[in-house]
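Architecture and fold: a report
Below are the chains, spelled out letter by letter.
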Amino acid sequence: MLAPTALLFLPLLAGVLINGLLGAKLPKWFSAALGCGAMGASFLGALIVVPLVSGGAVGDQVLWTWMAAGSFSVDVALKYDALSCVMALIITGVSFLIHIYAAGYMSHEDERGLSRFYTYLNLFVFSMLVLVLGNNYALMFVGWEGVGLCSYLLIGFWYDRERKTGDSTYPSQAAKKAFIVNRIGDFGFLIAIFLMFTTFGTLQFDAIFSNAQIAEGGPALMWGKPVLWWITALLFVGAIGKSAQIPLYVWLPDAMQGPTPVSALIHAATMVTAGVYMVARSNVLYTLAGTGPSLVAPVGIITAAFAATMALTSFDFKGVLAYSTVSQLGYMFVGVGLGAYGAGVAHLMTHAFFKGLLFLTAGSVLHAMRDVGDIRRMGGLSRKMPITFVTFVVAALAIAGFPFLSGFFSKDAILLAAYQQSQWMFWLGAIAAGLTALYMFRLLAIAFLGQSRDQKLFDAAHESPWVMTLPLIVLAVLSATAGAVLGLHEDGLFYRFLADVLNAEHHGTTTMTPMFISVALGLAGMVVGILIYRGKSVDQLNRGNAISALPRAKWYVDEAYDAAIVRPIHEASRWVLWRFVDKWIIDGIVNASAGAVYAVGGVLRNVQTGVVQTYAALILAGAVVLLFVKGLL
Amino acid sequence: MSDFAICLAVSAALFTLGVVGVLVKRNAIVVFMCIELMLNAANLAFVTFSRQHGTVDGQIFVFFVMAIAAAEVAIGLSIIVTVFRNRASINVDDVTMLRR
Amino acid sequence: METLLYLVFGLVALVGGVLVIVNRNPVYSALSLVLTMFAVSALYILQQAYFVAAVQIVVYAGAIVVLFLFVIMLLNLGDQGNLPAASGTRRFVGALLGVTFAGIVGAVVWEYASTAGPAAAAAGDIDHTKSLARVLFQNYLLPFEVVSIVLLAALVGVLALIRTHGRGLDSSEADNV
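None of these values were measured; they are calculated from a predicted model.

When helices and strands are tallied, chain C shows seven helices and zero strands. Counting from the amino terminus, chain C carries its helices and strands in the arrangement α-α-α-α-α-α-α. A total of 177 residues make up chain C; the buried ones form 35% of that total. Considering only contacts within chain C whose residues lie at least 6 apart along the sequence, 51% involve residues at least 24 apart. Accessible surface for chain C amounts to roughly 10400 Å². Of this, 70% is attributable to carbon and sulfur atoms.

Okay, structure coming up:
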């Protein structure tokens, strides 16, 4: 098992080191080839792992002991089971395609920029693999922070750029926002890790899961809830931050300031799904604690519907996709929250395909439109970019749940679970599914159909080179066929593969009703989207109404956070921390110590006469004292 | 009082005289002479102990001390010459640049 | 009889030392230093360290003190060389430290000398210059060679110190001619 491990991790590490240390001196083609090659090797490693895991049980692989203190010890150890190798396969596969795509998309960067980009990208995939393959929560946290760091670095990749469009922020600000908001979630994650340590005395997955019963029946920790409830709830706080759920979703739309391949890889396909993975991985705990249906699923479903309204009113190509990502992540949490862990992971995978694809088509469009992301200046692009258009249509159909495309299976499984357990969640989810179809086809109609709204940009637009369209085509094929091929239907291959890890619960009987409802709503959304928005002029698009005003202003959430949290902290920092603590206490201590040294020096400098004989006299006095003391003793 | 004690006493007294001279004299050249006094005192002690213990190692050390003293005088006097060239004085009180 | 000689020469050495300090004129100080050197040399002879005594006279009296005198003449100080006596404070501090030091060292010497036995039996061997040379060039050969390097370094150091900019041993002076 050591060879696949080495193949998974070492090429990426080599890519990071070589590109990171020597990148500026390497030619561009070499940096790109190195980044893609390392990624390809890692993908190969993941491909090797899958048959090994499906062939038989593969135990934890302990590489070395990370830290040991008393009875507590954490190993750097990897866990190869169905869940982690599915995740590894998704991550490395999609990353490989996006690495190749980025070679075309980032071709305008200079040597330094390109090598920096691939360094971060390889480091990200490395961290992500640590996250999903680690066999304990400590190692998971290492990967968790690693991907957070890479996310920060890549959102702010163009840290020297001005803001691009109207209401968006600077890349550097967006990066900081993502990092800081994620800190809140990470704080919850950390507390959960501490709680697990005090409760179980270990952080290893298997050891915790097999002992989870003891924590379940334990005394209440706080607010009448047992310790296991708190552990799962705090883990979910971490997931909320990383996976952009209400109320911490605000960083994700701003994160679109990063290069588009980054949005596709980190902020759609892989990193943001880490929270879903974590809940799925901890499914034993969630099932026991009962936090899933009471906490995880409601947050997910509300996020799904809420984000869909904002996706419906955004005029930024990537903005629509960003809110769509938030919304789809909400679906995944509904799945894992309601005990349909397999469905959640399935949606995670299909979402990686079609949302990665959507972002890559967005990148293709931005590439053609000279980085103009405002869809009000697009239109009729289907004539200029046929490949991009066709792949976009496939992805839009997949996300909208068109029958027998990948999104149809996974979303249906989630909605089925909701239908069996909670009517209000199901209906909210079904409406969100209709909205999903609506906003995707609104985007399609405005950007790709009708007449051009900005002739100059339209004339300059062109289809992207093959390095960019090839990943599009591959992902489009995956988006279309993944559901049927991988067996995402009830009791299909995919679920049987994961069954050992994810002890799925079955509630009630299987029914076709939710599928018909969601498909009907989805089809209606598609038709309505095309009909309403096809051929609309800029003025018609801008004309809002009472219903669209609030979501268009993003529900004033950013403003509310600003007023409720950012400003008070800012003012408190200014008046208490700066004007008082810093100016008086900290500066006071510093100045007082300096003053004390100055005063002592003022006395001592009388000794420093410059006359050699004074020094000689002092030396002699010292010798006399020493001799005297020696004599006394 | 033995010869041994007399020699040691002379050595100690000579050394003290040298120390006092170094501390109180203003003329840099005389300060150096006082250093020579101290070295002589040490040499006398070496020779005295050498005789007392019946080994020649003490006398060997005297040679080394003399060699080092010669080198030290050469360097020291050239420093004094240089200082005198720059400041037209051999008063050690005038050479207080160590303070700055 | 021999103890008397020890006393006399010891006293002469101390008188010379006092005169070095007391004299205002550095020339007199140097001459007093010669007196001390001779007296110490005599003490060496009394202790049968004949070779050391000879070297003492040749190196100290012959070379070092002459170097002192040479520098005094070179600087041509005249009256400027007769600096006023040190201030009372300094003399007091110097004397105090000196007396304390002498007291402590004297106590040590007294204690050591009173407990020490007669001179070692092997004393008869140390007066041979040959045996001295054998030890020096066998046991102490490496330090001996190192001392030669120290002297070389001193030589170079003196040259570097005495040289002045633009007016030294280099070719610039020759160019001006």
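Take the confidence of the model for chain C next. Residues with a pLDDT of 70 or more make up 81% of chain C, whose mean pLDDT is 81. Segment residues 168-177 of chain C is flagged for pLDDT under 50; beyond a separation of four residues in sequence, or across chains, it makes six contacts in the model.

Our focus in this paragraph is helix α19 (residues 406-421) of chain A. Its 16 residues place the ends of α19(A) 24 Å apart at the C-alpha level, agreeing with the 22 Å of an ideal helix rising 1.5 Å per residue. Where burial is concerned, most of α19(A) is hidden: 13 out of the 16 residues are buried.

Before going further, it helps to examine the packing of helix α12 (residues 274-281) of chain A against helix α15 (residues 317-337) of chain A. All names here are of chain A. Packing of α12 against α15 brings their axes to within 10 Å, and their N-to-C directions diverge by 0 degrees. Taken together, the axes of α12 and α15 lie roughly parallel to each other. Contacts from G275, V276, V279 and A280 in α12 reach L329, M332, F333 and V336 in α15. Looking at the contact of α12 with α15, its residues break down into seven nonpolar, one polar and no charged.

This part takes up the pairing of strand β2 (residues 72-79) of chain A. Consecutive side chains along a regular strand alternate between the two faces of the sheet. Counted residue by residue, β2(A) has six buried out of eight residues, so it is predominantly covered. Hairpin connection between strand β1 (residues 60-69) of chain A and β2(A): a loop of two residues separates the two successive antiparallel strands, and G70(A) in this loop has a positive phi of roughly 65 degrees.

Take the pairing of β1(A) next. For β1(A) and β2(A), the ladder comprises eight bridges, and the chain directions are antiparallel. In the strand pairing of β2(A), M67(A) is matched with V74(A).

Each value, and the rule that gives it
Residues numbered from 1 in each chain as written. Chains lettered and ligands numbered in written order. Predicted model: local features only at pLDDT ≥ 70, side-chain atom pairs only at ≥ 80, totals over all residues. Heavy atoms only, no water. Helix = DSSP H or I, 4+ residues; strand = E, 2+ residues; numbered from the N terminus. Buried < 20%, exposed > 50% of the residue type's maximum accessible area, 1.4 Å probe, protein only. Contact = heavy atoms within 4.5 Å. Areas by Shrake-Rupley, 256 points an atom, 1.4 Å probe, with all protein chains shown as cover. pLDDT = per-residue confidence, 0-100. Expected span 1.5 Å × (residues − 1). Axes fitted to C-alpha atoms, helices over the stretch in contact; angles between N-to-C directions. Parallel < 35°, antiparallel > 145°, perpendicular 65-115°, else oblique. Nonpolar A, V, L, I, M, F, W, Y, C, P; charged D, E, K, R; others polar. Pairing = 2+ DSSP bridges.

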